Amino acid sequence: MKHIKQIQKATVKVPSSGHACGECQTSCQSACKTSCTVANQSCEAIQ
Amino acid sequence: MVHAFFMIDRHIVYDSDSGAFFELDEISYDVIRLYIDGKGQRPSVELLNDSVASHKTSILELQEICDDFDSIIAEGTLFAAPIEYDYHHLYPDQPRIKAMCLHVCHDCNLRCTYCFAGTGDYGTGHRSMLSVETGKAAIDFLIAASGNRKHLDIDFFGGEPLMNWPVVVELTHYCNENGPKHGKDIRLTITTNALLLDAEKTAFINKYMKNCVLSIDGRPEVHNRMRPGIGGKPSYEPISKRIKAFVERRRSDESTYYEHYVRATFTRHNLDFSEDVKHMAESLGANQISVEPVVAPEDCDYSIHESHLPAIFDEYEKLARYLHGRRAAGEPVNFFHFNMDMSNGPCVYKRLKGCGVGAEYCAVTPEGDIYPCHQFVGVEKFLMGNVSSIHSILDENKHLIEGKDATDILDQDTLQIFYDRLMPNRESCKTCFARYHCGGGCAANRYFSTGSLDEEYRVGCELAKKRLECSIWLSAASADSQI
Ligand code: SF4
Ligand code: SF4
């Protein structure tokens, strides 16, 4: 493709179990906490 | 949802449902905009003809671009079908409180102008310290409330937690002894202004705390303006010295854990905050940095208004360029808000449920009072209970008495308010390209800026969207330079 360059492929977001495991870290976004924003976390289920 | 944007030097199209993104040239960018206007339909020849002249191209070339987009669409990468999820699968059983902000001290040795905690006492006029006994009850409550969740988080918070250090030490050991007994992995964090950070405390934190958040506002004049000591004394010098020393040791082999953030708050007074990031990276040696907007009442002279957004957007772009330059030079700086895992990241449920305020996360004060999160501490209508009640439902081995649930000690109406707000069902979120990265934003920001837990906090939303664009831009720039 001359005019289009793919940077990121599609990602699968639905867990294979079909449901959330509830193990991942909570993600407070407030200025004083900096624990984690939602999308930079790793998934506990696949660790 | 498909979002096309131009930033700095790149035309980009991103699909929030598939998570894929592409870099385009000017011609294909105009073509994708026609697709977006047509909700994913191939543009008509008439529409394409209008573009021919403006791009000095041929209709044939535009048709070829459309062919490429059509095949990308057919494979489900652009204009992807909305992700199918079922909110009933959000929690395997029910939401479980599994993270706690433990206020070991409602007192502080700084007098930061913007402190939401009323410079430590949370507006009560009463400065207090957590006792070991109340701290242990809080940990017992968390373990009991977490049900079958294994990974628990506790953040030692304040005021300034180092002012009550012996209690932090004792509670750390209590977690390490009692977590495994109940099959829990309790991960500890401490959030500090670093003023009392010495070699001994550093060694302890590096041995036991999975994460450590250190506050400094960047350049000396910026820091001293908003983060003075008691009596207005400048605090930059002692704090910067201690943070520098801490960061060095945290990154050395002596530390069990690496995760840490040197963090700042920016206000209307330093909308050029990329200079503060540079200062933290270059003068303090920090490579894990977070700089976040203050949330304050509209009428404060340092609060951020919608009119500041264009300047902040420019600054974020400047910052993205700087971070890219550091990466390219082999000296990467991890900027918290641009650090999004584009190729992996958590599952859709995690992405949608956000912070878990009051349902998965709570804050406990030195008096043992339980609130939905640290920002709501002191808002009486959201008081959920007190950890001292936990003793009545635990046996001598600290196991729940049969038939009891730890959340029984919480005010059920308040709990329900926060259960009901776990998912970003607001209309504005449903149609937002940032929804799988934002998680629905901060309920406390909404509450304190609009008076409602649900009302859109526009400044917060616009910033969240801009940060996502910056993260995508950085990925594209890195891909180009193969870093
Ligand atoms: S409501 Fe805001 S401050 Fe409270 S836990 Fe959620 S993101 Fe953090
Ligand atoms: S940026 Fe705003 S509208 Fe978009 S998902 Fe977040 S809270 Fe919702």
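Use the structure listed above.
Residues numbered from 1 in each chain as written. Chains lettered and ligands numbered in written order. Predicted model: local features only at pLDDT ≥ 70, side-chain atom pairs only at ≥ 80, totals over all residues. Heavy atoms only, no water.

(A) Structural context of the overall build of chain B. Along the backbone of chain B there are 16 helices and 15 strands. Over its C-alpha atoms chain B spans a radius of gyration of 24 Å, differing by no more than 12% from the 23 Å that the globule rule assigns to 483 residues. Dimensions of chain B, computed from the C-alpha atoms along their principal axes, are close to 80 × 55 × 45 Å. Sorting the 483 residues of chain B into buried and exposed places 59% on the buried side. Looking at chain B alone, contacts between residues at least 24 apart form 70% of all its contacts between residues at least 6 apart. (Helix = DSSP H or I, 4+ residues; strand = E, 2+ residues; numbered from the N terminus. Rg over C-alpha atoms; globule rule 2.2 N^0.38 Å. Buried < 20%, exposed > 50% of the residue type's maximum accessible area, 1.4 Å probe, protein only. Contact = heavy atoms within 4.5 Å.)

(B) The interface of chain B and chain A, seen in detail. Chain B puts 77 residues into the contact, and the matching count from chain A is 41 residues. When the two sides are added together, the surface that chain B and chain A hide from each other amounts to roughly 4,900 Å², 55% of it contributed by carbon and sulfur. Looking at the side of chain B facing chain A, the largest losses of area belong to Phe336(B), Pro346(B) and Lys350(B), adding up to 11% of the total buried there. Two residues, Lys5(A) and Asp480(B), come together in a salt bridge whose shortest N-O distance is 2.6 Å. Scanning the region where chain B abuts chain A turns up 9 residue pairs in polar contact (both at pLDDT 80 or more). (Buried area = accessible area lost by both parts, 1.4 Å probe. Salt bridge = Lys/Arg side-chain N within 4 Å of Asp/Glu carboxyl O. Polar contact = N/O pair within 3.5 Å; in protein donor to acceptor, adjacent residues only side chain to side chain.)

(C) Structural context of helix α1 (residues 26–37) of chain B. Here α1(B) spans 17 Å end to end across 12 residues, near enough to the 16 Å set by a 1.5 Å rise per residue. Among the residues of α1(B), Ile27(B), Ser28(B), Tyr29(B), Val31(B), Ile32(B), Leu34(B) and Tyr35(B) are the ones counted as buried. Looking at the buried residues of α1(B), the elements they touch are β1 (4–8) of chain A together with β1 (2–7), β2 (10–15), β3 (21–24), α2 (45–55) and α3 (59–74) of chain B. One or two positions beyond α1(B), positive phi appears at Lys39(B), with a value near 55°. (Expected span 1.5 Å × (residues − 1).)

(D) Here's a closer look at the sheet that holds strand β7 (residues 151–157) of chain B. Residue and element names in this part refer to chain B. Strand order in the open sheet formed by 10 strands is β12-β11-β10-β9-β8-β7-β4-β13-β14-β15, with mixed pairing between adjacent strands. Only two strands of the sheet have a single neighbouring strand rather than two, namely β12 (334–335) and β15 (385–386). Examined bridge by bridge, strand β8 (residues 185–192) and strand β9 (residues 211–215) share 4 bridges and lie parallel to one another. Bridge assignment links Ile190 to a residue of β9, and that residue is Cys212. Sheet strands touched by helix α5 (residues 165–181): β4 (99–103), β7 and β8. Its angle to β8, the strand with the most contacts, is close to 165°. (Pairing = 2+ DSSP bridges. Axes fitted to C-alpha atoms, helices over the stretch in contact; angles between N-to-C directions.)

(E) Geometry of the site of ligand 2. Residues and elements named next belong to chain B. Near ligand 2 the following residues occur: Ser428, Cys429, Cys432, Arg435, Cys438, Gly440, Gly441, Cys461 and Ala464. Mapped by element, the contributors of at least two residues to the shell around ligand 2 are α13 (427–430), α14 (435–438) and α16 (458–481). A breakdown of the residues in the shell around ligand 2 according to their chemical character gives 5 nonpolar, 3 polar and 1 charged. (Near = heavy atom within 4 Å. Nonpolar A, V, L, I, M, F, W, Y, C, P; charged D, E, K, R; others polar.)

(F) Local environment of the sheet that holds β1(A). The strand order β1(A)-β3(B)-β2(B)-β1(B) describes an open sheet built from 4 strands, whose pairing is antiparallel. Two strands close off the open sheet at either side, each with one partner strand: β1 of chain A together with β1 of chain B. Averaged over neighbouring strand pairs, the angle between their axes works out to 25° when direction is ignored. Bridging between β1(A) and β3(B) involves 4 bridges; their strand directions are antiparallel.

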